[in-house]
Amino acid sequence: MTIRVAALHVAPERKAPMVAVDAVAAEAGRGIVGDRYFGTRHRHVSVQSAEELAEAAAVLGAPVPASSTRRNVTLDHGRVPTTPGARLVIGDVGLEVVRRAAPCRVMETSVGPGAARAMHDRGGAICRVLTSGTIAVGDPVVVEDAAVAAS
């Protein structure tokens, strides 16, 4: 079953509300145009999975909306690779995992107490953009890390 982009979110500045969008432009070495992390050294794109959000919601006992995690890209299912160096291709954009994403502390107020803990090991990954292009809701996702793709 093909993994696809389920949702996209950006925030124009730090602590600004996340805004749902249908597509984003990603620039190699820079990130998502219009997002708060555009131009930072390594934190170009954050990726999470709706499946892992559902797991966190079950632990928390309350919904964990994709926008509340402060991640840019939400995949419709599967696990997001978190091993540094793992690669993904989303639409025509190449990404490389830099590190595992820690749950955002803002979730304690936006979702509720215990939300950050429920997201522990379910927060997805922080990636750098290797190939410029567009990412759109519905785009296919290819995980180039064979060990992750099999899970």
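S.K.: Describe the pairing of strand β3 (residues 23-27), with residues and values.
M.R.: Side chains Val24 and Ala26 project from β3 onto a buried face, and the interleaved Ala23, Ala25 and Glu27 project onto a face without burial. Across four bridges, the pairing between β3 and strand β10 (residues 133-136) is antiparallel. Bridging across to β10, Val24 finds its partner in Ile135. Sheet topology note: the β3/strand β4 (residues 31-32) ladder contains two bridges and is antiparallel. Bridge pairing in β4 links Glu27 to Gly31.

S.K.: Mind laying out the nonpolar core, listing which residues take part and the relevant values?
M.R.: With 24 residues, the main nonpolar core has Val47, Val73, Ile90 and Leu95 as its most contacted residues. When residues in this core are grouped by element, the largest group, four residues, is from strand β1 (residues 3-10). Apart from residues no more than four positions distant in its own chain, Val73 is found in contact with Val5, Ala7, Leu8, Val45, Ser46, Val47, Gln48 and Ile90. Judged by nonpolar contacts, the second largest core, of 10 residues, contains Leu53, Ala56, Ala66 and Cys104.

S.K.: So what's going on with the pattern of salt bridges? Which residues, and what values?
M.R.: Where charged atoms from two side chains of opposite charge come close, those side chains can pair. Under the criterion given, the structure shown has seven salt bridges. Between Arg79 and Glu52 there is a salt bridge, with the nearest N and O atoms lying 3.0 Å from each other. Of this pair, Arg79 sits in the loop between β6 (73-75) and β7 (87-90) while Glu52 sits in helix α1 (residues 50-60), placing them 27 residues apart in sequence. The partner of Glu55 in a salt bridge is Arg122, and the shortest N-O contact between them spans 3.4 Å. Note that Glu55 is positioned in helix α1 and Arg122 in the loop between α3 (115-118) and β9 (125-129), a separation of 67 residues in sequence. Residue Glu55 is classed as partly exposed on the basis of its relative accessible area, which comes to 26%. Via salt bridges that share partners, Glu52, Glu55, Arg79 and Arg122 belong to a single interconnected network.

Rules of the game
Residues numbered from 1 in each chain as written. Predicted model: local features only at pLDDT ≥ 70, side-chain atom pairs only at ≥ 80, totals over all residues. Heavy atoms only, no water. Buried < 20%, exposed > 50% of the residue type's maximum accessible area, 1.4 Å probe, protein only. Helix = DSSP H or I, 4+ residues; strand = E, 2+ residues; numbered from the N terminus. Pairing = 2+ DSSP bridges. Core = buried A, V, L, I, M, F, W, Y, C linked by side-chain atoms within 4.5 Å. Contact = heavy atoms within 4.5 Å. Salt bridge = Lys/Arg side-chain N within 4 Å of Asp/Glu carboxyl O.

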